[in-house]
Amino acid sequence: MYVILALVATVVVALIHPASGGELTQEEAQTFLRFHGYFHNNESADVQNLEPLAAGLSEFQAIYNLPEDGTLNPQTVSFIQNYWCGSSDNYYTLRNSKQGKWNTNILRWTVYPPSTAYLPHRQKYIGITRQAFEMWSANSNLQFEYVNPYSQKNISVNIVISFTEANHTFQRINNRDWCPFPTGGMILGHAYFPDLMSTTEEVHIQKSLSWYLNEEPVPEGARSLLRVLTHEIGHVLGIAHSANYESIMYPSLVFENTTKLSQDDILAIQELYGSKPAVRTTVTTTKTTSTTIPTPNTQEINLKVPKLCDLNSKMSNTSFLIVNNKLYLFYKKYVWMLNLNTREIQDTPLVITDWLTFLPTPFEKISGIYQKPDNEVVLFSESMVYIFEYASFKVLKREHYNVLMRNYPAVRGVVNSYRGKTYWFFDNNMFSEIDDCRFLPKNTALITEQFTGVPSKIDSVFRYTDV
Ligand SMILES: [Zn+2]
Ligand SMILES: [Zn+2]
């Protein structure tokens, strides 16, 4: 069993970081990029071949909003020369297997070393670790229980938090090799990701770094153990890095006076383990299955077509697209087209895959569809995102939703407002404004907080239109 565990667990490798403020050689940059997941195979990390370095750097620069020229420009060098988590950025490719989580919602943890002889202020470390676990349990359907390594040594432990040296092994997993932090390196710690077969996984934190162990607010420039522990515990629960600066899962150390989860982090943990069950349940007598975002001086489209009216009771499965004065209405595998100028509508619908021939057959349904300000059309199916040109229908991008939108639950609806903003509505009471240039969510918020009276489960969203 241990052999299997060793094979399936994701090994997170520490890496050698150059000292801060110094030069960064190409070899050091390649080492950094390889361990953070920006070389997709070992051959491409050839020191003699600069092209893969440029490609890896460009990808890294694009993700972290650095000047994107594929070279070791000053901003990129100083960004790399920070304190980093030792986990790879491309763990999301493994998460697509949906295996990257624990198969239980109640997890037991302990802190090593067990003796104050090796860990002075051990009670303080336990207290901070407990706070870090509570960050995640307060926002998800997870529970954590502390196990005393002496008095409860027969109780199995799921998560071992180990404060350890540069050269270290595992505390409770006997067959795994050394996983050293490099001497003089700038690694805060690293963690092992779970999978559905995990029984024990570990978090290793650099004991030799000077940590701030007291209550928040953290004094300027101090290194918060609570912040780093919350991040590493995020990994051991199955959450990958986020390029969102506000996320606790941002991979390099960000100074903040207080530690809290961002909306990104809450979405990620709830996607894996569900949201925290409500203490009291509120009985609602009405249920709305669709909502509209009205804009001034607009008028609702009058769809007096019997066949379409039959869809009224099935609104939850419909999507709309308005382009070039045409309204497309999607229901399951069918599409109706309405000319908004002439109000003409076809008698019988088309099969979507006959119209959008790039879609796979059989095709389930469109979860959301909209036109970006640059006229490209974005289409969500259950598992894929397509971006295509209108009206040539040439596919510009085809990507698995989980690859493109790691840490986000499924899209349930999309809308673009008359102010040129695009909103995506997610499966768990969250919605985001979308940065259509970078194709990333920003300003994620709770639907029920922003739109009072709207149910948290959105099935369909559309806007009124000027006609
Ligand atoms: Zn990390
Ligand atoms: Zn380690």
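Residues numbered from 1 in each chain as written. Chains lettered and ligands numbered in written order. Predicted model: local features only at pLDDT ≥ 70, side-chain atom pairs only at ≥ 80, totals over all residues. Heavy atoms only, no water.

The subject of this paragraph is the overall build of the protein. Scanning the protein for helices and strands turns up 12 helices and 20 strands. Within the protein, buried positions represent 50% of all 467 residues. Nonlocal contacts in the protein, meaning residues at least 24 apart in sequence, comprise 58% of its contacts between residues at least 6 apart. (Helix = DSSP H or I, 4+ residues; strand = E, 2+ residues; numbered from the N terminus. Buried < 20%, exposed > 50% of the residue type's maximum accessible area, 1.4 Å probe, protein only. Contact = heavy atoms within 4.5 Å.)

It is worth spelling out the coordination of the zinc ion (ligand 1) at this point. The protein atoms donating to the zinc ion (ligand 1) are Cys-85 (SG), His-231 (NE2), His-235 (NE2) and His-241 (NE2), with metal-donor distances spanning 1.9 to 2.2 Å. Around the zinc ion (ligand 1) sit four donor atoms, and with donor-metal-donor angles ranging over 100 to 118° the site reads as tetrahedral. Each donor residue of the zinc ion (ligand 1) belongs to the same chain, with the gaps between them written as C-x145-H-x3-H-x5-H. Of this pair, Cys-85 sits in strand β1 (residues 84-85) while His-231 sits in helix α7 (residues 225-236), and the two are 146 residues apart along the sequence. Under the relative-accessibility criterion, Cys-85 is labelled buried at 1%. (Donors = N, O, S within 2.8 Å, 3.2 Å for Na, K, Ca; no water. Tetrahedral: all angles 85-135°; square planar, octahedral: opposite > 155°, others 65-115°.)

To continue, consider the environment of Arg-130. Within the secondary structure, Arg-130 is located in helix α6 (residues 122-137). Taking the relative accessible area as the measure of exposure, Arg-130 reaches 36% and is therefore partly exposed. Arg-130 sits 16 residues away from Tyr-146 along the chain, and the two C-alpha atoms are 7.9 Å apart. With residues up to four places along the chain from it excluded, the contact list for Arg-130 reads Trp-109 and Tyr-146.

Summed over all chains, the structure comprises one salt bridge. A salt bridge links Glu-165 to Lys-207, with the shortest nitrogen-to-oxygen separation between them at 3.2 Å. Taken together, the positions of Glu-165 in the loop between β4 (159-164) and β5 (187-191) and Lys-207 in the loop between β6 (201-206) and α7 put the pair 42 residues apart, joining distant regions of the chain. (Salt bridge = Lys/Arg side-chain N within 4 Å of Asp/Glu carboxyl O.)

The next subject is the sheet that holds strand β17 (residues 422-426). Each strand in a sheet pairs with its neighbour through backbone hydrogen bonds, running either in the same direction (parallel) or in the opposite one (antiparallel). Strands sit in the order β16-β17-β18-β19 across an open sheet of four strands; the sheet is antiparallel. On the outer flanks of this sheet lie β16 (411-416) and β19 (440-446), each paired with one strand and no other. Geometrically, the sheet is characterised by an average inter-axis angle of 25° between neighbouring strands, direction not taken into account. As paired strands, β17 and strand β18 (residues 430-435) are joined by four bridges and run antiparallel to one another. What sits directly across from Tyr-423, in β18, is Glu-433. (Pairing = 2+ DSSP bridges. Axes fitted to C-alpha atoms, helices over the stretch in contact; angles between N-to-C directions.)

Moving on to the packing of aromatic side chains. All chains considered together, the criterion is met by 16 aromatic pairs. Aromatic side chains Phe-32 and Phe-60 sit 5.6 Å apart centroid to centroid with 85° between the ring planes, which places their arrangement in the edge-to-face category. Taken as a pair, Phe-32 in helix α2 (residues 26-35) and Phe-60 in helix α3 (residues 50-63) lie far apart in primary sequence, 28 residues in all. Exposure remark for Phe-32: the relative accessible area of 0% places this residue in the buried category. Ring plane angle 70° and centroid distance 5.2 Å describe the contact between Tyr-245 and Tyr-250, whose orientation is recorded as edge-to-face. For Tyr-250, a relative accessible area of 8% translates into the label buried. Looking at Arg-223, its charged tip hangs above the ring of Tyr-83, at a distance of 4.4 Å from the centre. (Phe/Tyr/Trp six-rings, centres within 6.5 Å; stacked < 30°, edge-to-face > 60°. Lys NZ or Arg CZ within 6 Å of the ring centre and 35° of its normal.)

Further remarks concern the side chain of Gln-371. For Gln-371, the position within the fold is in strand β12 (residues 368-371). Ignoring any residue separated from it by four or fewer positions in sequence, one finds Gln-371 in contact with Leu-321, Ile-322, Val-323, Glu-376, Val-377, Tyr-390 and Asn-416.

Our focus in this paragraph is helix α8 (residues 263-273). By the criterion of burial, α8 is predominantly enclosed, with nine of the 11 residues buried. Those residues of α8 not exposed but buried are Asp-264, Asp-265, Ile-266, Leu-267, Ala-268, Ile-269, Gln-270, Leu-272 and Tyr-273. Gly-274 sits one or two residues past α8 and shows a positive phi near 85°.

Here we take up the sheet that holds strand β14 (residues 384-388). Read across the open sheet, the four strands follow the order β12-β13-β14-β15; overall the sheet is antiparallel. What marks the edges here is a single partner per strand, and that holds for β12 and β15 (395-400). Going from strand to strand, the sheet's axes swing by 10° on average, the running direction of each strand aside. The pairing of β12 with strand β13 (residues 377-380) spans four bridges and is classified as antiparallel. What sits directly across from Ile-369, in β13, is Leu-379.

In this section: the pairing of strand β8 (residues 318-323). For β8, a buried count of five out of six residues is recorded, marking the element as mostly surrounded by other parts of the structure. Pairing of β8 with strand β9 (residues 326-331) involves six bridges; the strand directions are antiparallel. The partner of Ser-319 across the bridge, within β9, is Phe-330.

Bringing the UniProt feature "binding site: Zn(2+) 1" (unreviewed entry) in the protein into the picture now. Under the feature "binding site: Zn(2+) 1" (unreviewed entry), the UniProt entry names His-168, Asp-177, His-190 and His-204. Mapped onto the elements of the fold, His-168 is located in the loop between β4 and β5. Assessed through its relative accessible area of 3%, His-168 is described here as buried. Excluding residues within four positions of it along the chain, His-168 makes contact with Trp-178, Cys-179, Pro-180, Phe-181, His-190 and His-204. At a separation of 3.0 Å, a polar atom in the side chain of His-168 contacts the main-chain carbonyl oxygen of Glu-165. (UniProt positions renumbered as here; feature names shortened; annotations may be inferred. Polar contact = N/O pair within 3.5 Å; in protein donor to acceptor, adjacent residues only side chain to side chain.)

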